[in-house]
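# Structural overview
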Amino acid sequence: MAATYDAIVVGGGHNGLVAAAYLARSGARTVVLEGRHKTGGAATTEAPWPDAPEFSVTRLSYVMSLMPPTIINDLELDRHGYKIYPMGPYYQAFPEGGSIKLYADDAQRNHDEVSKWSKKDADAMPRWDAWLAGLAEVLGPLLLTVPPAIGSRKPRDLADTLRLAWRNRGLDVRTIADVTRLMTMSIADLLDDWFESPQVKGALAVNGVIGTWAGPYEPGTAYVMAHHSIGDVGDGHLGNWGFQEGGMGAVSAAIERAARSHGAEIRTGAPVARVIVEGGRAAGVVLDNGAEIRARVVVSTLHPRTAFLDHVGENNLPADFVRDIQHWKTRSGVVKINLALGELPDFTADPGSNLQEHHTGSVEMAPTMEYIERAFQDAREGRPAVRPFSDGVIPTAFDKTLSPEGTHIMSLFTQWVPADWSEEPHTEELEAYADRMVDCYNELAPNFKASILHRDIVGPYEMEHDYGLIGGNIFHGELSLEQLFHMRPAPGYADYRTPVDGLYYGSSATHAGGGVCGIPGWQAARAAIADKKAARRGTTVRRITRRS
């Protein structure tokens, strides 16, 4: 006999756990089915070195910013172990000498730092920060907005579109122009409008290319920058990021404890083979071992190709929706390099291997816009970057739980290798790529290479095959203009519902996805709960015919 629940959540990553927590909190008997041996997905803390189990690393995702207070407070995550250390400044040392630090919360120090490279740019920084803050007032609330089905003539969809327009009725011509510019410009062109110093522009360009198959000169990268700059970690500073104590796996663990506290059941080692569709409605799932689990609500948080093409099947989906998912762009070129260090980097520009402020934030390898662009063009031309770009962090500057006293963990989120490296392991080439990445840092901190005790390299192939990140894309789909807001994951289906009644979708491939924010899982659960209440009232659940 098949086990029966009120709700099934497919995927135990952080979004799946958030969805399960909210469903269970609403009173639904809920089970989470995770294919791997542990929950967390890309928000995972692991010990990758069998001969050194005392070292733990945040293996893929590595910093917090965008999770809204609503989720943190609703699920009482602080009570369940959610503890964030706000990061220090962005830091870049330069081959020609000198360095720059940029702070989330100190305009005067930013002015002093930028003045070392350009007085004009230093004077522009407060205006830049104010401009971003103004945009955040528009974009921030949009992250929590369910996108309407723009273009649909159905009364409910038209009402949703009008409601969105009314909510933003206070926007003036200039603000609309700024948002349009942000959505369509490259981060390079945007920064050229504001700044003159290559060093300043290189530092500010970092957020425009993180996890993105696009160099800084690609249209749309200005929005990627904004997406990564409008959150905070609860300290009130726009764009600030933070380290979770215990690594990012501890974020997932806190959400899992919250879900369990409301009665959710969590199963690991339970990969789903397919979604059961009966009469056009989701009725449960079949596991790889053949076991059936039944429920009238199924929430999938896996990559859209897996969730729809593999688990639901093309024959159960509209042809245009199938085409949209087949064409969903999910390239990456990201390589994560995790290092155990015997001592902190001793930068020539800021000497000393003792813990200093520049070790506490992002330790970048992005000296100029041209440097970043060259790394992308290498990969676009079919070879791994000769001099890779890196967003590096040293979480053990704050978090002492990850490594023994006197040692440190450094996480390098690096780019780019060719997009098709998700198809083969490329083990030897990844080792050579990591060697070059280490050499880049060693040029700036000559003790760096010798300080490495262990290293762990995670390329696109492993990201796809071990973690379900198709193409190695950490966002389950590129944050490109044609894949944002009402287009995410397909036009007409951005409200966390799907073409199959009873099947909801809450992965990072939906709106607000990208980063460990939990919003997609929260919105998918809310949609399921709302539809259940509507059905009880006898009202018409939203779209039966999905497009018009």
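Not measured: the values here are computed from a predicted model. (Residues numbered from 1 in each chain as written. Predicted model: local features only at pLDDT ≥ 70, side-chain atom pairs only at ≥ 80, totals over all residues. Heavy atoms only, no water.)

## Points about the packing of helix H4 (residues 119-143) against helix H7 (residues 187-194)
One can describe the packing of H4 onto H7 by two numbers: an axis separation of 10 Å at closest approach and a directional angle of 125°. Between H4 and H7, the angle falls in the class oblique. Note on element contacts: H7 touches H4 through Leu190, Leu191 and Trp194, opposite Asp121, Ala124, Arg127, Trp128 and Trp131. The residue inventory of the contact of H4 with H7, partitioned by class, reads 6 nonpolar, no polar and 2 charged. (Axes fitted to C-alpha atoms, helices over the stretch in contact; angles between N-to-C directions. Helix = DSSP H or I, 4+ residues; strand = E, 2+ residues; numbered from the N terminus. Parallel < 35°, antiparallel > 145°, perpendicular 65-115°, else oblique. Contact = heavy atoms within 4.5 Å. Nonpolar A, V, L, I, M, F, W, Y, C, P; charged D, E, K, R; others polar.)

## With respect to the side chain of Ser332
Counting through the fold element by element, Ser332 comes out in the loop between helix H12 (319-326) and strand E15 (334-341). Given the relative accessible area of 1%, Ser332 is considered buried. Reaching out from Ser332, the side chain makes a polar contact with the backbone nitrogen of Val334 at a distance of 3.0 Å. A distance of 2.8 Å separates the side chain of Ser332 from the backbone oxygen of Gly472, its partner in a polar contact. If we skip the residues at most four places from it in the chain, Ser332 touches Thr212, Trp213, Trp416, Gly471, Gly472 and Asn473. (Buried < 20%, exposed > 50% of the residue type's maximum accessible area, 1.4 Å probe, protein only. Polar contact = N/O pair within 3.5 Å; in protein donor to acceptor, adjacent residues only side chain to side chain.)

## A few points about unusual backbone geometry
A cis amide bond links Gln415 to the next residue, Trp416, at an omega of 5°. A cis amide bond links Arg488 with the next residue in sequence, Pro489, at an omega value of 5°. Summarising the element assignment, Pro489 is placed in the loop between helix H16 (460-467) and strand E20 (503-505). Positive phi is not limited to glycine here, since Tyr496 has a value of about 75°. Along the chain, Tyr496 turns up in the loop between H16 and E20.

## Focus: the side chain of Ser411
Position of Ser411 among the secondary structure elements: in strand E18 (residues 408-415). The exposure class of Ser411 is buried, given its relative accessible area of 3%. A distance of 3.1 Å separates a polar atom in the side chain of Ser411 from a polar atom in the side chain of Lys336. In this view, Ser411 contacts Tyr62, Lys336, Ile337, Asn338, Asp391, Gly392 and Val393; residues no more than four positions away in its chain are not counted.

## Concerning the packing of aromatic side chains
Enumeration over the complete set of coordinates arrives at 17 aromatic pairs. With 5.3 Å between their ring centres and 25° between their planes, Tyr62 and Phe413 make a pair best called stacked. With Tyr62 in the loop between strand E5 (57-58) and helix H2 (69-74) and Phe413 in strand E18, this pair connects stretches of sequence that are 351 residues apart. By relative accessible area, Tyr62 is classed as buried at 10%. By relative accessible area, Phe413 is classed as buried at 2%. Relative to Phe398, the ring of Tyr85 lies with its centre 5.9 Å away and its plane at 10°, an arrangement referred to as stacked. With Tyr85 in strand E6 (residues 84-86) and Phe398 in the loop between strand E17 (389-393) and E18, this pair connects stretches of sequence that are 313 residues apart. Accessibility expressed as a relative area gives 18% for Tyr85, which makes it buried. Owing to a relative accessible area of 27%, Phe398 belongs among the partly exposed residues under this scheme. Through a chain of ring-to-ring contacts, the aromatic side chains of Trp128, Trp131, Trp194 and Phe195 assemble into a single cluster. Across the ring face of Tyr5, the terminal group of Arg29 is positioned such that the distance to the ring centre comes to 4.3 Å. (Phe/Tyr/Trp six-rings, centres within 6.5 Å; stacked < 30°, edge-to-face > 60°. Lys NZ or Arg CZ within 6 Å of the ring centre and 35° of its normal.)

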